[in-house]
Amino acid sequence: MTQSGPTTFNPLAVAQHTLDAPLAQILADRIQCDGPISFADWMECCLYHPQHGYYRRGKPTVGRDGDFLTSPEVHPLFGAAVGHVASELRRQAGNPQPFQITEIGPGTGALAESILRHLHATAPELAAATRYRLVEPNAAAAEQQRQRLLQVHSDRLVDQILSIDQLSGDHHLVIANELLDALPVHRLSFSGGRWTELFADYSPALGFHETSAAVSREALLEPLAGITPADGQIVEVAPDRASVVTRLANAVADGGLLLLFDYGYPRDRLYASWRRDGTLMTFRGHVPGDDPYAHPGEQDITAHIDLDQVDEAAQAAGLTAMPALNQAEWLHNLGAAVLPAVADAQVDTGRYLAARRAVETLTEPAGLGRIAVMGFSRGSIAPLPGWTAS
Ligand SMILES: C[S@@+](CC[C@H](N)C(=O)[O-])C[C@H]1O[C@@H](n2cnc3c(N)ncnc32)[C@H](O)[C@@H]1O
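Described below are features of the structure shown in this document. Values in this document were obtained by computation on a predicted structure and should not be read as measured data.

Here we take up the overall build of the chain. Secondary structure assignment for the chain yields 13 helices and 19 strands. Relative to the globule expectation of 21 Å for 390 residues, the C-alpha radius of gyration of the chain, 22 Å, shows essentially globular dimensions. Its C-alpha atoms put the chain at 65 × 45 × 40 Å along the principal axes. Each of the 390 residues in the chain was classed as buried or not, and the buried ones make up 55%. Taking contacts inside the chain between residues at least 6 apart in sequence as the whole, the part at least 24 apart equals 76%. Averaging the coordinates of the 28 positive side-chain charges in the chain and doing the same for the 45 negative ones gives two points 5 Å apart.

Close to the ligand lie 18 residues, the nearest being Tyr-48, Tyr-55, Thr-70, Gly-105 and Asn-177. Separating an oxygen atom of the ligand from a side-chain N or O atom of Thr-70 is a distance of 2.7 Å. One of the side-chain N or O atoms of Asn-177 is found 2.7 Å from an oxygen atom in the ligand. The protein chains hide 90% of the 600 Å² of surface that the ligand would expose on its own. Of the residues assigned to the shell around the ligand, the class counts are 12 nonpolar, four polar and two charged.

Our next topic: the nonpolar core. Membership of the largest hydrophobic core comes to 47 residues, with the highest contact counts inside it found for Val-82, Ile-101, Tyr-132, Leu-173, Ile-175, Phe-261 and Trp-330. Among the elements that take part in this core, helix H4 (residues 77-92) stands out by supplying eight residues, more than any other. The residues touching Phe-261, leaving out its near neighbours within four places in the chain, are Phe-78, Val-82, Ile-175, Ala-176, Asn-177, Glu-178, Gln-327, Trp-330, Ile-371, Ala-372, Val-373 and Met-374. Counting 29 residues, the second-largest nonpolar core is a separate cluster that includes Ile-31, Tyr-48, Phe-208 and Leu-280.

Sheet strands line up and pair through hydrogen bonds in the backbone, either parallel or antiparallel. Here we have three strands laid out as an open sheet, ordered S14-S13-S15, and antiparallel in their pairing. Two strands bound the open sheet, and with one partner strand each, they are strand S14 (287-289) and strand S15 (300-302). Between one strand and the next, the sheet's axes are offset by a mean angle of 30 degrees, whatever the strand orientation. The sheet contact formed by strand S13 (residues 281-284) and S15 spans three bridges and is antiparallel. Each residue of the ladder has a partner; that of Thr-282, found in S15, is Ile-301.

Let us now look at the state of the cysteines. A full pass over the atoms with the stated rule returns zero disulfides. Cysteine Cys-46 is unpaired, with the sulfur of Cys-45 as its nearest cysteine sulfur at 6.2 Å.

A few words now on helix H5 (residues 110-122). A rise of 1.5 Å per residue sets the reference length of H5, with its 13 residues, at 18 Å; its end C-alpha atoms lie 18 Å apart and thus fit the reference within 8%. Those residues of H5 not exposed but buried are Ala-110, Leu-111, Ala-112, Glu-113, Ser-114, Ile-115, Leu-116, His-118 and Leu-119.

Turning our eyes to something else, we now look at the packing of H4 against H5. In contact at an axis separation of 7 Å, H4 and H5 are set at 55 degrees when each is read in the N-to-C sense. The angle between the axes of H4 and H5 places the two elements in the oblique class. In the crossing of H4 with H5, the sense of the turn from one axis to the other is right-handed. Note on element contacts: H5 touches H4 through Leu-111, Ser-114, Ile-115, His-118 and Leu-119, opposite Phe-78, Gly-79, Ala-80, Val-82, Gly-83, His-84 and Ser-87. For the contact of H4 with H5, the residue count by class is six nonpolar, six polar and no charged.

Rules used throughout
Residues numbered from 1 in each chain as written. Predicted model: local features only at pLDDT ≥ 70, side-chain atom pairs only at ≥ 80, totals over all residues. Heavy atoms only, no water. Helix = DSSP H or I, 4+ residues; strand = E, 2+ residues; numbered from the N terminus. Rg over C-alpha atoms; globule rule 2.2 N^0.38 Å. Buried < 20%, exposed > 50% of the residue type's maximum accessible area, 1.4 Å probe, protein only. Contact = heavy atoms within 4.5 Å. Lys, Arg positive; Asp, Glu negative; His and termini not counted. Charge placed at Lys NZ, Arg CZ, Asp CG, Glu CD. Near = heavy atom within 4 Å. Polar contact = N/O pair within 3.5 Å; in protein donor to acceptor, adjacent residues only side chain to side chain. Areas by Shrake-Rupley, 256 points an atom, 1.4 Å probe, with all protein chains shown as cover. Nonpolar A, V, L, I, M, F, W, Y, C, P; charged D, E, K, R; others polar. Core = buried A, V, L, I, M, F, W, Y, C linked by side-chain atoms within 4.5 Å. Pairing = 2+ DSSP bridges. Axes fitted to C-alpha atoms, helices over the stretch in contact; angles between N-to-C directions. Disulfide = S-S within 2.5 Å. Expected span 1.5 Å × (residues − 1). Parallel < 35°, antiparallel > 145°, perpendicular 65-115°, else oblique. Left-handed = near helix turned anticlockwise from the far one by under 90°.

Honestly, it's all geometry; don't read function into it.
This is how it looks when you write it as structure tokens:
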């Protein structure tokens, strides 16, 4: 509920954390000056503070040197699978020249590199027509991604923009891997028959701790209409994710595809009463955790997405949803184990076995295999590889 009078904050969990991390002092000062901040503001600051945010401070985040593994970091065959889809998409679109692929939040550039390597190896004419655009707000990361791609692709066919707000509507393939689950969420708690919102508070005596207060925006409750929560249940809601999806959808040209990969569930499963603590998780040094107030700016914070929200936003922007699949199903349909990224490795037993292990990792039912693969086309297109068995 939107507040008209002063907000009352009720202290909840107490977690003692030192202020060693530079961002911890900044957050403590801010809260002492302005009062408790919403969990979404806390997460935004922890992940995206310009100097000290987890994704802005210039240290590895994804990959073996970072804190958690994403599919492109596991093996190039994930990019090969996307490249295979791109080839068919371009063929169906009448081989446009240039063919515009755009990736949002490219991380280390691993996905871009493996897509382009696959195209150069299997479809040189398409590779020569492919303009690859990276959307990366962090200038240092953008430069590293660009240098990586220049090893594979021509300088004049790689470009970069800082923000999804700069996207025009002429992109044939718009891709994002684990973008939406890295966007800030609000947390709500159900108790005594009503929802309250969780805020981050600080005092020298208690350190960072959680407080609850009335829900700050009516819109936060909208996805929860029709669900029957359990007493004590915590959920995450993120209305801003819908506007990100809208902007990505608006970037897709006729005959083009928006392809999103993310951990998430349909709304009824995401907010099921047995999921009492929500889906928020942290990652540090490949160890999952559940304390988002520890190590501000030095650990990842993520929450699963509401697949219905993505569907609704993409369809409202004029796109057509392809059948829902998880990554294991999509890769099996694509025949991942026979894609050149695996098949070519057969000349070398070590590489071949590594590629086969990567297929298992990428399709692991409790891990990367359960990632949702969300495809949305503009206009009707024939089923693409991945959505039909090869
Ligand atoms: C979980 S990481 C995934 C990185 C990479 N896609 C991968 O799969 O390895 C999420 C990425 O999304 C980026 N990100 C978040 N919001 C963004 C935005 N508005 N525009 C572009 N990138 C964004 C973050 O900076 C981070 O690099």
